[in-house]
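Commentary on secondary and tertiary structure
Given next are the chains, with one letter for each unit.
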Amino acid sequence: MDKLKVLISNVQKDIKIPTGIRLLIRKCCHAVLQTEEMSGNYEISISFLDDAQISRLNKEYREKDSSTDVLSFPVKKDGGPGLNPETGAKMLGDIAICIPKVYEQAEHFGHSIQREFAYLTVHAMLHLLGYDHEEGGISAVRMREREEDVLSKLGLQRDSSYVIDDEQA
């Protein structure tokens, strides 16, 4: 991969985004593309939303009247990239991350906020590339394996944390 542009916008205003999260998200996007052995220039847009904002998107695009943790909107339905005529970069699509869900799920699963941001980013990136788990079966297994492969390469495997607890050091 030559160059990756990740545009991140914080649309929600209720929860402060921790320092380092934007860099972590960029690293996750890069790691997915690297793991998938993709070359060229890419663009991805990521928005941080609140429950109401992501609920509206979920209802409009998926006909589900509820909040969710992350949504992916690929430029092309087949997971292939579109082309930005101004830059020549391949546009993969948009990702929406629900910030309150990040905190809820990190607590629920007993891992760090950073690990949850990373997981949701990797998960959404794989959706942009055409991976799908909705139907279950082998495609779901393949996607879960790929998620853990990328997270492991980032040092964020399932049973570890991005932040080292001082008591464990």
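Further up the page is the structure itself.
Since the structure is predicted, the reported quantities are computational estimates derived from the model, not experimental observations. (Residues numbered from 1 in each chain as written. Predicted model: local features only at pLDDT ≥ 70, side-chain atom pairs only at ≥ 80, totals over all residues. Heavy atoms only, no water.)

Some thoughts on helix H3 (residues 99-109)
Among all positions in H3, only Ile99, Pro100, Lys101, Val102, Gln105 and Ala106 are buried. Looking one or two residues past H3, Gly110 carries a phi angle of roughly 75 degrees, positive in sign. (Buried < 20%, exposed > 50% of the residue type's maximum accessible area, 1.4 Å probe, protein only. Helix = DSSP H or I, 4+ residues; strand = E, 2+ residues; numbered from the N terminus.)

Observations concerning a positive patch on the surface
Taken together, Lys13, Lys16, Arg22 and Arg26 make up a surface patch of like positive charges. Mapped onto the elements of the fold, Lys13 is located in the loop between strand S1 (3-10) and helix H1 (21-35). (Patch = residues over 30% accessible without salt bridge, like charges linked within 9 Å, V, L, I, M, F, W, Y side chains within 5 Å. Areas by Shrake-Rupley, 256 points an atom, 1.4 Å probe, with all protein chains shown as cover. Salt bridge = Lys/Arg side-chain N within 4 Å of Asp/Glu carboxyl O. Lys, Arg positive; Asp, Glu negative; His and termini not counted. Charge placed at Lys NZ, Arg CZ, Asp CG, Glu CD.)

Some details on the pattern of salt bridges
Within this structure, the stated rule accounts for 6 salt bridges. Salt-bridge contacts for Glu104 lead to Lys101; the nearest nitrogen and oxygen are separated by 3.7 Å. Placement of both Glu104 and Lys101 in helix H3 is noted, with a separation of 3 residues, approximately one turn of the helix. We classify Glu104 as partly exposed; its relative accessible area is 42%. Among the ionic pairs, Arg146 bridges to Asp149, the shortest N-O distance being 3.5 Å.

Structural notes on the nonpolar core
Ranked by internal contacts, the top residues of the largest apolar core, which has 39 residues, are Ile25, Ile46, Phe48, Ile95, Ile97, Phe117 and Met125. When residues of this core are traced back to their parent elements, those giving at least two are S1, H1, strand S2 (41-49), strand S5 (90-98), H3, helix H4 (113-128) and helix H5 (137-153). The element contributing the most residues to this core is H4, with 10 residues. Here Phe117 is in contact with Ile21, Ile25, Phe48, Ile97, Ile99 and Val102, once residues within four sequence places are set aside. (Core = buried A, V, L, I, M, F, W, Y, C linked by side-chain atoms within 4.5 Å. Contact = heavy atoms within 4.5 Å.)

Regarding unusual backbone geometry
Negative phi characterises most residues that are not glycine, and trans characterises most peptide bonds. With phi around 55 degrees, Glu37 is a residue other than glycine that occupies positive phi space. For Glu37, the location among the structural elements is in the loop between H1 and S2. Take Glu37: its relative accessible area is 73%, and that puts it in the exposed class. Phi at Glu63 is positive, roughly 55 degrees, even though this residue is not glycine.

By themselves, these are just geometric observations and shouldn't be taken as functional.
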